[in-house]
Protein chains: 2
Amino acid sequence: MITIAVDMMGSDLGPEELSKGVIKYLDANNDVSFICFGDPERLKALDNNPRVKIVKTTEVVPMETSPLGFLRLKDSSMYKALEAVQTNQAQGLVTAGSTGGFITGATLILKNIPGVKRAGFCSYFPSKVKDKSVAILDLGASNINTPEELVGFAKLGSLYYQESMGKKDPSVYLLSNGTEEGKGLEECRQAYQLLKNEKDVNFKGNAEARDALDGTKDVIVSPGYPGNIFLKASEGMALTFSSLIKQAFKRNLLSKIGYLFAKKGFTYIHDLFDYKKTGGAMLLGINGVAVKTHGNSTGDFLYYSLDLAYRMVKTDFVGKVKSQFKE
Amino acid sequence: MITIAVDMMGSDLGPEELSKGVIKYLDANNDVSFICFGDPERLKALDNNPRVKIVKTTEVVPMETSPLGFLRLKDSSMYKALEAVQTNQAQGLVTAGSTGGFITGATLILKNIPGVKRAGFCSYFPSKVKDKSVAILDLGASNINTPEELVGFAKLGSLYYQESMGKKDPSVYLLSNGTEEGKGLEECRQAYQLLKNEKDVNFKGNAEARDALDGTKDVIVSPGYPGNIFLKASEGMALTFSSLIKQAFKRNLLSKIGYLFAKKGFTYIHDLFDYKKTGGAMLLGINGVAVKTHGNSTGDFLYYSLDLAYRMVKTDFVGKVKSQFKE
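No experiment lies behind these values; they were computed from the predicted model shown.

So, how was this worked out
Residues numbered from 1 in each chain as written. Chains lettered and ligands numbered in written order. Predicted model: local features only at pLDDT ≥ 70, side-chain atom pairs only at ≥ 80, totals over all residues. Heavy atoms only, no water. Contact = heavy atoms within 4.5 Å. Salt bridge = Lys/Arg side-chain N within 4 Å of Asp/Glu carboxyl O. Helix = DSSP H or I, 4+ residues; strand = E, 2+ residues; numbered from the N terminus. Patch = residues over 30% accessible without salt bridge, like charges linked within 9 Å, V, L, I, M, F, W, Y side chains within 5 Å. Areas by Shrake-Rupley, 256 points an atom, 1.4 Å probe, with all protein chains shown as cover. Lys, Arg positive; Asp, Glu negative; His and termini not counted. Charge placed at Lys NZ, Arg CZ, Asp CG, Glu CD. Buried < 20%, exposed > 50% of the residue type's maximum accessible area, 1.4 Å probe, protein only. pLDDT = per-residue confidence, 0-100. Pairing = 2+ DSSP bridges. Axes fitted to C-alpha atoms, helices over the stretch in contact; angles between N-to-C directions. Right-handed = clockwise from strand over helix to strand, strands pointing away.

## Looking at the interface of chain B and chain A
Opposite the 50 residues of chain B that make contact, chain A presents 50 residues. At the surface where chain B touches chain A, the tally comes to 4 salt bridges. Of the charged contacts in the structure, one is a salt bridge between Arg210(B) and Glu235(A), with a shortest N-O distance of 2.9 Å. Elements that contribute at least two residues to the side of chain B that touches chain A include exactly strand S7 (171-176), helix H7 (224-250) and helix H8 (253-272) of chain B.

Right, dumping it as structure tokens:
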């Protein structure tokens, strides 16, 4: 039996919505139990389930929080969920709460695995090719990174891709402003040289941001700040297009009829960009499985994040990182 | 009469295509003449036009070029076009060739305006709001920038927006990974403090990459490397969606009929993301009007870039930068 701690508070849609995902996952998987942290009044749907333990917490980490702000909230659902992993009551945790709080908390409470210089915040992105996702890190756990940290990200991302996608020797690229060897930030140029000789990584060179999601790449490594800009710019543009497509079809009766005729192709686009199945973002290199799901997660979305946490515990991802980073 | 130098070589679609844009602009504007640099054999369409001077060049700057590589190509169409501005034969230039070559050439041949520490590569982006564009710089003339250079970009971008869009006191934001004051790279946090006290700039704080194109912002400033990542990530996602929408409608006879019904809404999306009218990118802070148009520019696209160059000469943009940066 694998136990996952779930921070039920601090999401946009509330603990009632997240509870649906917990219940759905319990129904689908007999080998899992949950410790759910939050306001018991809002977790009634989970009452009396033999594989759910509800732990009352009185505080919620706000979306925008400083490291110090987070550390003061010792009775928050997020703090307690992290602590449950640290004290081995649970083997992994999932939260839909503050990303800043999550990164601070995971780094300070769970700590980095020995040999890991920096943890990397990693998420799968959909690509132009159906069912082909790209893992990108760091998406903003750091701002700037040393060449050695970037090499660490490459190793972590590679192992993560292998364990979560089941593909050996995934291809690894450095995000850059040009494909040629000399392009990019100084730290990336140095990492390029180190990666050429790194046996644990199937390094393929630089990838331009424009081609990152072309479906030919498995893992893309970047310092945290440009990685975050990449994430947010892609997200912004995808959201803009999604909302424009919806508007275009809702325009009038004619366009609604048009939708009925063209529906299949647009369902395909929707499926292609369905972030649900990628399961959220994981902080790699941390001493524990720590998954961050979308702030506006529905129960369905949470389901996939719970599954990601479950699979990463099951495959002993943390143990594998430990042995790879042991000097 | 305003004279614009045009580098006719080094584009994807060739000088024959670009010639169409030159002819179209000559027809639309009596107050302009062109010096066109390139292979005369491929510029026959421009022969005998009293307002076109064709200058034969024998070399073409390749798309991927190093600064040294560029400097060796002294008889290239790009080098000669830049030289024409430097020697006052033309007041501005437009090129569809290598971006790297263009930035190197403009910086070394035309040089920065006194007081400008770094030139900023600036382009308009379409936003969610129709006919509302956002100027973003630096898109990659530099990789990293000092706080003072970022303040310079803010002043240049602000003046550019004012002169090209005719809006006084445009709002200026710093691209960041969070809207709060303390967010972002160290150099951006310092620039934030300087910008609060900068009288020439209507500074509004940080903008997240996700909200950059929401149509509420006029100018966005970033160091060159993350700026370039923003540009390429947005472009990549927009291209992906455009091609997916096309595919969805071309799927079969039914979907093609669907398109006929829903056409209007999708024409709207197309118009919204029509980069043509934004006229290409300009290198701001350079001692001369220097416009870079898309590598795959059609004649129509070039038309708008020629118009941008014309308008920036006409409004004496360079003179205005000179007086603002005079100490």
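## Points about the pattern of salt bridges
A full pass over the atoms with the stated rule returns 32 salt bridges over all chains. Here the salt bridges do not stand alone but share partners, grouping Lys132(A), Lys167(A) and Asp218(A) into one network.

## Focus on a positive patch on the surface
A contiguous patch of positive charge, built from Lys130(A), Lys264(A), Lys277(A) and Arg251(B), is present on the exposed surface. Assignment of secondary structure puts Arg251(B) in the loop between H7 and H8. By relative accessible area, which is 44% here, Arg251(B) ends up partly exposed.

## Points about the side chain of Glu235(A)
By secondary structure assignment, the location of Glu235(A) is in helix H7 (residues 224-250). Residues in contact with Glu235(A), not counting those within four places in the same chain, are His294(A) and Arg210(B).

## Quick notes on unusual backbone geometry
A cis amide bond links Leu137(A) with the next residue in sequence, Asp138(A), at an omega value of 0°. Summarising the element assignment, Asp138(A) is placed in the loop between strand S6 (133-137) and helix H5 (147-165). The backbone of Asn48(B) shows a phi angle near 65°, a positive value even though the residue is not glycine. Backbone geometry places Lys111(B), a non-glycine residue, at a positive phi of 70°. When you line up the elements, Lys111(B) lands in the loop between helix H4 (99-110) and strand S5 (120-126).

## Things to note about the confidence of the model for chain A
It should be kept in mind that the predicted coordinates are not to be read in detail where pLDDT is low. All names here are of chain A. For chain A, per-residue confidence averages 93 on the pLDDT scale, and 99% of positions sit at 70 or higher. Considering each helix and strand of chain A separately, the mean pLDDT is smallest for helix H8 (residues 253-272), with a value of 83, and largest for strand S9 (residues 219-221), with 98. For this predicted complex, the interface score ipTM comes out at 0.89, while the overall pTM is 0.91.

## Structural notes on the sheet that holds S9(A)
Sheet strands line up and pair through hydrogen bonds in the backbone, either parallel or antiparallel. All names here are of chain A. Spatial ordering of the open sheet is given by S3-S2-S1-S4-S11-S10-S5-S6-S9-S7-S8, a layout of 11 strands whose pairing is mixed. Of all the strands in the sheet, just strand S3 (52-56) and strand S8 (202-208) have a single pairing partner and so form its edges. Direction aside, the axes of adjacent strands within the sheet are offset by 25° on average. When strand S4 (residues 92-95) meets strand S11 (residues 289-292), the two strands line up parallel, connected through 4 bridges. Following the sheet pairing, Leu93 is matched in S11 by Ala290.

## Here we look at the pairing of S7(B)
Residue and element names in this part refer to chain B. Within S7, 6 of the 6 residues are buried, which leaves it mostly tucked inside the rest of the structure. Where burial is concerned, the two faces of S7 agree: the one with Ser171, Tyr173 and Leu175 and the one with Val172, Leu174 and Ser176 are both buried. In this sheet, strand S8 (residues 202-208) lies alongside S7 in parallel orientation, the contact comprising 6 bridges. Bridge pairing links Ser176 to Glu208 in S8. The β-α-β motif built from S7, the intervening helix H6 (residues 186-196) and the parallel element S8 has right-handed crossover chirality. As judged from the 3 bridges shared by S7 and strand S9 (residues 219-221), these two strands associate in the parallel manner. Bridge pairing links Tyr173 to Ile220 in S9.

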